[in-house]
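Understanding the architecture of this molecule
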Amino acid sequence: MEVDEIRLNEADGNNNEDDSKPQTGEVKLLRKIGLAGGISIIVGSMIGSGIFISPTGILKMSGGSIGVSLIIWVFCGILTILAALCLCELGMMFPESGGINTYLMKTYGSGLAFLHAWSYCLFIIPGKGAVQGLALGEYISRPFYPSCDPPQSIIQLIAVAATLFIVVVNCYSVKIAARLGIFFTFSKVTVLIIMAVSSFVYVANDSTIADENFSNAFDISNPVYGTVATVGVAEISLAIYQGLFPYAGFINLNVITEELRRPERNLPFSIIFGVSFVLGVYVIVNCAYFSVLTPTEMIQSVSVAVTLADRTITSWAWIVPVGVSLSVIGNMNNSSLANGRIAFVAGQRGLLPQILSMIQVTFLTPTPALYLNLTLMIIFLFPSNIDSLIQGTQFMEWFFIGLSALGLIICRWTKKDMERPFKVPIIIPVAVTLISAFLVITPLVFDPDPFILYATLFTLGGLLFYFPLVFFNLKIPYVDHLTIFLQELMNVCPTGATMADDTNESKTKEAKEENTVL
């Protein structure tokens, strides 16, 4: 698996402009991710807690209809591919790291780019991290409480410990994080294979539940207990939010475009192959759920994968919660590699505090941005409402995806002569824009969830900071002193800085060798 790395370049006595041999002593990001690495980042970032959480949420909002649930899973996968292709064209037009933040900056200016950085770094990233952490705590603790629900405090403590572990590893060594990523990716694929195969073997011996479920797949005349009473527009939009959450990691590769080799080829292929593979996996696993469990059993189950394992592999059922836990940790690990880049790039552009744009001079990792993610993720763990966190984060994420797709349409007229190594038919960004508008407007009009309202107010509240601090560039007293203090505390410096000190140069060379791409 190839992963992104941050290197301090060695003095080589030449002025080679190639990306792999930049200027002497300069701290910068290099293009080291190929097609296989891009696909692995997409797959590793997407397959995590979502496939073990969202099936129940989608089923609830679908009135217990298995057919409607499967259609939503497929629809969300197709929508993800279309949105990813729009972002791919934007990524080819603006081949810089930062993903959506870069596209909003280039198409709309600093205002929307700031709101994206504000909401993404302070709400979306910690919110999604909290969902993953809570799912991990649930699956780790569940085997120790077979007859009752685990205490919420235990789940939260496990989530805090896992979040701390992942951030520390990513702050210390890219190489170790990459090796863990390989192990976790293998683990998550293995557990999904075990779940699917064991379910189909179970059906071969007893197909009663499968026959009943699939013969009445689209029957919503008698909603299952615990689901919504009626399936309307608002319920479908919330079900789509639940379905989009497992695909959320598709954005991660666009965030690190600047570190991708041959992006005009590797970015679209990585997205198409990666998302299509994950879509196929999700449909197979959902069919496994519906072949073994009734809708009522799925709705009432807190850990649906454990419930499935208890029925299909009985004495070996412990394998599934262990595998699910490793899958979620792997997802957190892969997401951490990309999520730190949002604050990192926003800090470089002056949208967020400058300290977030700096990297640790010994380990060459974006430590301040990762510390910010760690702190906020821990705070978000304590509301503990997974469904609200999913709906709030996906609401905000697709608001900005929709704006990006609209920006692509605008660029077709305002930047006609701009080179486009990759171009999608205009109908694709139009469709993504309209669907995103539907997803954003519908919950606000028909059934506003308090967490969605909070997310909206929080994002708009960013304007109170944008106008004085970014637009008018007002200086807050003593901020420079605080920045210097934090630099010294964390031993960080801006990218592009040179290292004159022999001791630091020696340490950085060792870190470079440690963080060599696998």
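Values in this document were obtained by computation on a predicted structure and should not be read as measured data.

Quick look at the confidence of the model for the chain
Do not read the predicted coordinates in detail wherever pLDDT is low. Mean pLDDT over the chain: 81, with 85% of residues reaching 70 or higher. Low pLDDT, under 50, characterises residues 1-26; the stretch is placed with 87 contacts to residues that sit more than four places away or in other chains.

Focus on the packing of aromatic side chains
One pass over the structure, following the stated rule, counts 23 aromatic pairs. Ring geometry for Y247 and Y282: centres 5.1 Å apart, planes at 70°, overall edge-to-face. Of this pair, Y247 sits in the loop between α9 (233-244) and α10 (252-255) while Y282 sits in helix α11 (residues 263-292), and the two are 35 residues apart along the sequence. For Y247, a relative accessible area of 0% translates into the label buried. A ring pair is formed by F451 and Y454, whose centres lie 6.0 Å apart and whose planes are at 45°; its orientation type is tilted. With F451 and Y454 both in helix α18 (residues 450-461) and 3 residues apart, the pair spans about one turn of that helix. Residue classification places Y454 among the partly exposed residues on the basis of a relative accessible area of 42%.

A word on helix α4 (residues 100-107)
Among the residues of α4, those classed as buried are I100, N101, T102, Y103 and L104. A positive backbone phi angle near 105° is found at G109, which sits one or two residues after α4.

Some details on the pattern of salt bridges
Tallied over the full model, the rule gives 6 salt bridges. R420 is the partner of E89 in a salt bridge, and the nearest nitrogen-oxygen pair spans 3.2 Å. Pair noted here: E89 is in helix α3 (residues 66-93) and R420 is in the loop between α16 (386-414) and α17 (427-446), with a separation of 331 residues, a long-range link. Here E89 falls in the buried class, since its relative accessible area comes to 0%. Residue E297 is joined to R311 by a salt bridge in which the shortest nitrogen-to-oxygen separation is 2.6 Å. Here the residue E297 occupies a position in helix α12 (residues 295-300), and R311 occupies one in helix α13 (residues 304-312), the gap between them amounting to 14 residues. Salt bridges linked by common partners bring E89, R412 and R420 together as one network.

Describing the packing of helix α2 (residues 50-61) against α3
Packed helices, taken two at a time, are described by the angle between their axes plus the distance between the axes. Closest axis-to-axis distance for the α2/α3 pair is 9 Å, and the angle between their directions is 130°. Put simply, α2 runs oblique to α3. Here α2 runs over α3; the crossing is right-handed. Contacts from G50, I51, S54, P55, I58 and L59 in α2 reach I66, S69, I72 and W73 in α3. Among the residues making up the contact of α2 with α3, the classes are represented as 7 nonpolar, 3 polar and no charged.

A look at unusual backbone geometry
In this structure, Y478 is a non-glycine residue whose phi angle is positive, near 70°. When you line up the elements, Y478 lands in the loop between α19 (463-471) and α20 (479-490). Of note, the phi angle at N491 is positive, near 55°, even though the residue is not glycine. Relative to the helices and strands, N491 resides in the loop between α20 and β4 (492-494).

A word on the environment of F183
Looking at the secondary structure, you find F183 in helix α7 (residues 174-205). The exposure class of F183 is partly exposed, given its relative accessible area of 43%. Residues F183 and G330, spaced 147 residues apart in sequence, show a C-alpha to C-alpha distance of 8.1 Å.

Brief notes about a nonpolar patch on the surface
A cluster of nonpolar side chains, L460, L463, L464, F465, F467, L469, F471, F472, L474, I476 and V479, forms an exposed patch at the surface whose accessible area comes to about 1100 Å². The topology assignment puts I476 in the loop between α19 and α20. You can call I476 partly exposed: its relative accessible area is 48%.

Side note on the nonpolar core
Within the largest apolar cluster, 129 residues are counted, with the highest numbers of intra-cluster contacts made by F52, L192, M195, F250, Y282 and Y289. If near-sequence neighbours (up to four positions away) are discounted, M195 is found in contact with F52, V285, A288, Y289, A305, L308 and V320.

Looking at α20
If you check α20, its first and last C-alpha atoms are 16 Å apart, about what 12 residues at 1.5 Å a residue would give, namely 16 Å. Looking at the residues trailing α20, positive phi occurs at N491, about 55°.

A short note on the side chain of S141
Positionally, S141 belongs in helix α5 (residues 110-141). Within the structure, S141 has its side chain in polar contact with the backbone oxygen of E138 (distance 3.4 Å). Apart from residues lying up to four places away in sequence, S141 is in contact with P150, I154, I155 and I158.

What counts and what doesn't
- Residues numbered from 1 in each chain as written.
- Predicted model: local features only at pLDDT ≥ 70, side-chain atom pairs only at ≥ 80, totals over all residues.
- Heavy atoms only, no water.
- pLDDT = per-residue confidence, 0-100.
- Contact = heavy atoms within 4.5 Å.
- Phe/Tyr/Trp six-rings, centres within 6.5 Å; stacked < 30°, edge-to-face > 60°.
- Helix = DSSP H or I, 4+ residues; strand = E, 2+ residues; numbered from the N terminus.
- Buried < 20%, exposed > 50% of the residue type's maximum accessible area, 1.4 Å probe, protein only.
- Salt bridge = Lys/Arg side-chain N within 4 Å of Asp/Glu carboxyl O.
- Axes fitted to C-alpha atoms, helices over the stretch in contact; angles between N-to-C directions.
- Parallel < 35°, antiparallel > 145°, perpendicular 65-115°, else oblique.
- Left-handed = near helix turned anticlockwise from the far one by under 90°.
- Nonpolar A, V, L, I, M, F, W, Y, C, P; charged D, E, K, R; others polar.
- Patch = residues over 30% accessible without salt bridge, like charges linked within 9 Å, V, L, I, M, F, W, Y side chains within 5 Å.
- Areas by Shrake-Rupley, 256 points an atom, 1.4 Å probe, with all protein chains shown as cover.
- Core = buried A, V, L, I, M, F, W, Y, C linked by side-chain atoms within 4.5 Å.
- Expected span 1.5 Å × (residues − 1).
- Polar contact = N/O pair within 3.5 Å; in protein donor to acceptor, adjacent residues only side chain to side chain.

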